[in-house]
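# Observations on the three-dimensional arrangement
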Amino acid sequence: MIADTPRGLWRLRAGALLATAVVLGTGLVATPSQASPSTVDCAALAAAGDNFAELCLDGTAMDDAGATLAPDEISSSPNIRQVANIPKQGTFDALTALNSDIAFQDGYAYAGNYNGFMVYDVRNPKRPKIVTQVLCPGSQNDITVYGNLLFLSTDTSRNDDSCNSTTQSATIKESWEGIKIFDISNKSAPRYIKSVETNCGSHTHTLVPSADRRTAYLYVSSYSPNATFPDCQPPHDLISIVKVPLRNPTSAALIGTPNLFPDGGFPGSPTGSATTGCHDITAYPAKRIAAGACMGDGILMDIADPEAPRVISRVRDTTNFAFWHSATFNQSGDKVIFTDELGGGGAPTCNPTIGPNRGADAIYDIHGRGDNRTLEFKSYYKIPRTNANTENCVAHNGSLVPVLGRDIMVQAWYQGGISVFDFTDSAHPVEIGYWERGPLSDTQAITGGSWSAYWYNGFVFSNDIQKGLDVLEVNDWRVWTAKLNRIGTLNTQSQPWYWGPPGF
C-alpha cells in the first residue's frame, strides 16, 4: 500500500515495479488523465523520496478497455453472495485510515486499521456486531491474537510507543517502531500492556506458538534500511524474533535477529526489488516449516527450533516477480503459493497490458524431505478480469479454504475483489468463484478494495480498505466440507492444521 512513512515523505509499502502517480500532500488520491489508458510519473515518485522509483516504468500505458463496472457496482459469480457489511466508523472512517489485516478467535474478528483496530462479534456471521474500536495510530497495524493477547505491528516511525504518539522521523534515534501487546481478556476494553522495539519497525509479524503452548514467538518482518536511520541500518538481511512468555507477557523481549541472507540476497534489477529483509512470513507449525516472501527472494525455512529458523531452500523469479509479498501452504504442506505485489498495492495491474503472469500468484511444489526440500515452479494464477485504471489491483492476502481432498484458496485482490480458486492441479489452477465492487471512483485513483480475505468457520471475511468489514457466503459443492470445519483461533500467517489437532 502507499503509506505515509518516516522513510521519505511517502513510499511504496511493498516495493513496486509500477506505482500510481500520487499528488504530493494527498498521499492517497491521485488525479489521472481523463482519458484511458493511464500513465505513471516516475520523476514525481523519485522527487517525493520513493524508495522504489528506480523500478517504475515511466509512461507505461494501461489498457482498461475491458473494465465494465460502475463505481460501487457489485459483480459476482452465482456461487458467492455478500451477507453482511459493517462500514468504517468514527476516526477510522477516513481515506487515510486504511483497513488492514484480520485475525480470529472464538467467534470474534480483530481487524487492523492504520489508526488502531476493531473488535467484531462474528458468532452470527450474517449479523456481525462492533464490540469496540481501539484508537492506536501506527501503520499498518498488522494483527494477530493468541489466548488473551493481541499483537500489533507498527511500521511508522513514532515519537514514542504510546497510543497517543505522533509521527517522527526515523533519523531521530529516540523514534520508535515495533510490536505492541494488548490484553484482550475483556474484549470490550482491550488494555495496552507492553511494547518491544524492533529494527526497521514491524511491517508484518508471524505468530509461532511453542510446542508446550507456554510461549508465543513473533517473527517480525521489516525492510528498506537507510544509513541515516539509527535503528534501521543496512544491510538488514534479517528478521527479528520477539519471545512472549504467555504467563508473563510484560516480560516479552527481542531475543534474536537471525540473518537469513548471508550472501545479501537478491541484489535487485530493473524489474525486481532487492532483498533488504522480508515482507511477510507464513509459518506452518504442525509441519515445522515456514515460507518467507522476502522482496527479491522466496524462501522455505525449518522452524523446528522456533528461536533459530533456518533457510533450507530459496527461489527467485527474475522474469515476472517484482516484489515477493506473502505465502500460503496447502494442507499437506507439499505446495506453497507466493504472491507478487507488483505496484505495491497502489497501481492498476489487472489488465491486458500487464498480463497474466505479473502481479500474480506463483504456485510451487515442495519436493524432498528435511534439509533436502526444494521448490519447483508449476504455474501462475491471476484473476481473469480487467480492472479500471482508477483501481489498485494486484495479488494480496488470502487463506486456504479447508476442504478435504482438494487445494482451494480464497484471496484478496484489492479493488480486483475476492477470488476463490482451485490449485489441486498446481500446473493448472482454476477460478471457481469471485466477488467484487466497481471502482471507488471513475475519475480518481483512490486506494481501496479488499486487503485481506480469509475463510473462517464457513464464511469469507474481508477487511475492505475503505468499505469496512464484508462477510461473504460461498455456495459451491467444492467447498462444502470446509463448512463442516470449525477452528478456535485463526492467524492466517500461522497456518493451522485444519483436519486434525486443534488449530493454532
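All values reported here derive from a predicted model rather than from experimental measurement.

## Examining the overall build of the chain
The number of helices and strands found in the chain is one helix and 34 strands. Here the chain, with 504 residues, has 63% of them falling under the buried criterion. The contacts in the chain between residues at least 6 apart in sequence include a share of 61% that link residues at least 24 apart.

## Comments concerning the pattern of salt bridges
Using the criterion set out here, one finds 20 salt bridges in the structure. Here the residues in one salt-bridge network are Asp263, Asp297, Arg314 and Arg316, joined through shared partners.

## A few points about the nonpolar core
In this structure, Phe104, Tyr120, Trp413, Phe423 and Phe461 are the most contacted members of the largest nonpolar core, which totals 32 residues. Those elements giving two or more residues to this core turn out to be β5 (80-86), β6 (99-105), β7 (108-113), β8 (116-121), β31 (450-456), β32 (459-464) and β33 (468-474). In terms of residue count, the dominant contributor to this core is β5 (three residues). Residues within four places of tyrosine 120 in sequence aside, it is in contact with Ile86, Gly107, Tyr108, Ala109, Ala111, Lys129, Ile130, Val131 and Leu469. Counting 19 residues, the second-largest nonpolar core is a separate cluster that includes Phe329, Ala360, Ile366 and Tyr380.

## Side note on the sheet that holds strand β10 (residues 140-146)
Each strand in a sheet pairs with another by means of backbone hydrogen bonds, the pair being arranged parallel or else antiparallel. Taken together, four strands build an open sheet; the order of strands is β10-β11-β12-β13 and the sheet is antiparallel. The open sheet has two edge strands, β10 and β13 (191-197), and neither has a second partner. For this sheet, the mean inter-axis angle between neighbouring strands, taken without regard to orientation, is 25°.

## What to know about unusual backbone geometry
Of note, the amide linkage connecting serine 139 to glutamine 140 takes the cis form, showing an omega dihedral of 0°. Secondary-structure assignment places glutamine 140 in strand β10. In this structure, proline 235 follows proline 234 across a cis peptide bond, with omega equal to 10°. For proline 235, the position within the fold is in the loop between β15 (215-221) and β16 (240-245).

## Here we look at the environment of valine 196
Among the secondary structure elements, valine 196 is positioned in strand β13. Judged by its relative accessible area of 6%, valine 196 is buried. It is 8.4 Å that separates the C-alpha atoms of valine 196 and isoleucine 181, two residues lying 15 residues apart in sequence. Discounting chain neighbours no more than four positions away, the residues touching valine 196 are Trp176, Glu177, Gly178, Ile179, Val242, Ala252, Ala253 and Leu254.

## Regarding the packing of aromatic side chains
One pass over the structure, following the stated rule, counts 18 aromatic pairs. With a centroid separation of 4.6 Å and an interplanar angle of 15°, the aromatic rings of phenylalanine 104 and tyrosine 456 are classed as stacked. With phenylalanine 104 in strand β6 and tyrosine 456 in strand β31, the pair connects residues that are 352 residues apart, well separated along the chain. Assigned by exposure class, phenylalanine 104 and tyrosine 456 land together as buried.

## A few points about the sheet that holds β16
Taken in spatial order, the four strands of this open sheet run β14-β15-β16-β17, and their pairing is antiparallel. The open sheet terminates on both sides in strands that have one partner only, identified here as β14 (204-209) and β17 (253-256). For this sheet, the mean inter-axis angle between neighbouring strands, taken without regard to orientation, is 35°. With six bridges connecting them, β14 and β15 associate as antiparallel partners. Each residue of the ladder has a partner; that of threonine 206, found in β15, is tyrosine 219.

## Looking at the pairing of β31
Most of β31 is tucked away: seven of the seven residues are buried. Relative to β32, β31 is paired through six bridges, and the arrangement is antiparallel. Bridge assignment links tryptophan 455 to a residue of β32, and that residue is valine 460. What sits between β31 and β32 in their antiparallel hairpin is a turn of two residues, with asparagine 457 showing a positive phi close to 50°.

## A word on the side chain of asparagine 141
Relative to the helices and strands, asparagine 141 resides in strand β10. Its relative accessible area of 0% is what places asparagine 141 among the buried residues. Of the polar contacts made by the side chain of asparagine 141, one reaches the backbone oxygen of asparagine 113; its length is 2.7 Å. Side-chain polar atoms of asparagine 141 contact the backbone oxygen of cysteine 136, separated by 3.3 Å.

## Quick notes on a nonpolar patch on the surface
On the surface, Trp477, Trp480 and Leu484 cluster together to form a nonpolar patch covering roughly 450 Å² of accessible area. The class of tryptophan 480 is exposed, set by a relative accessible area of 52%.

## Considerations on the state of the cysteines
Among covalent bonds in proteins, the disulfide is the one between the sulfur atoms of two cysteines. The tally for this structure, following the rule as stated, stands at four disulfides. Disulfide pairing is shown between cysteine 136 and cysteine 163; the S-S distance is 2.0 Å. As the torsion about the S-S bond is roughly -80°, the cysteine 136-cysteine 163 disulfide counts as left-handed. With a gap of 27 residues between them, cysteine 136 in the loop between β9 (129-135) and β10 and cysteine 163 in the loop between β11 (149-158) and β12 (176-183) connect regions that are remote in the sequence. With respect to class, cysteine 136 is no different from cysteine 163; both count as buried. Bridging cysteine 200 to cysteine 232, the disulfide has an S-S length of 1.9 Å. Across the S-S bond of cysteine 200 and cysteine 232 the torsion is about 100°, and the bridge reads as right-handed. Highlighted residues: cysteine 200 in the loop between β13 and β14 and cysteine 232 in the loop between β15 and β16, separated in sequence by 32 residues. Accessibility classification places cysteine 200 together with cysteine 232 in one group, the buried group.

The rules behind these values
Residues numbered from 1 in each chain as written. Predicted model: local features only at pLDDT ≥ 70, side-chain atom pairs only at ≥ 80, totals over all residues. Heavy atoms only, no water. Helix = DSSP H or I, 4+ residues; strand = E, 2+ residues; numbered from the N terminus. Buried < 20%, exposed > 50% of the residue type's maximum accessible area, 1.4 Å probe, protein only. Contact = heavy atoms within 4.5 Å. Salt bridge = Lys/Arg side-chain N within 4 Å of Asp/Glu carboxyl O. Core = buried A, V, L, I, M, F, W, Y, C linked by side-chain atoms within 4.5 Å. Pairing = 2+ DSSP bridges. Axes fitted to C-alpha atoms, helices over the stretch in contact; angles between N-to-C directions. Phe/Tyr/Trp six-rings, centres within 6.5 Å; stacked < 30°, edge-to-face > 60°. Polar contact = N/O pair within 3.5 Å; in protein donor to acceptor, adjacent residues only side chain to side chain. Patch = residues over 30% accessible without salt bridge, like charges linked within 9 Å, V, L, I, M, F, W, Y side chains within 5 Å. Areas by Shrake-Rupley, 256 points an atom, 1.4 Å probe, with all protein chains shown as cover. Disulfide = S-S within 2.5 Å.

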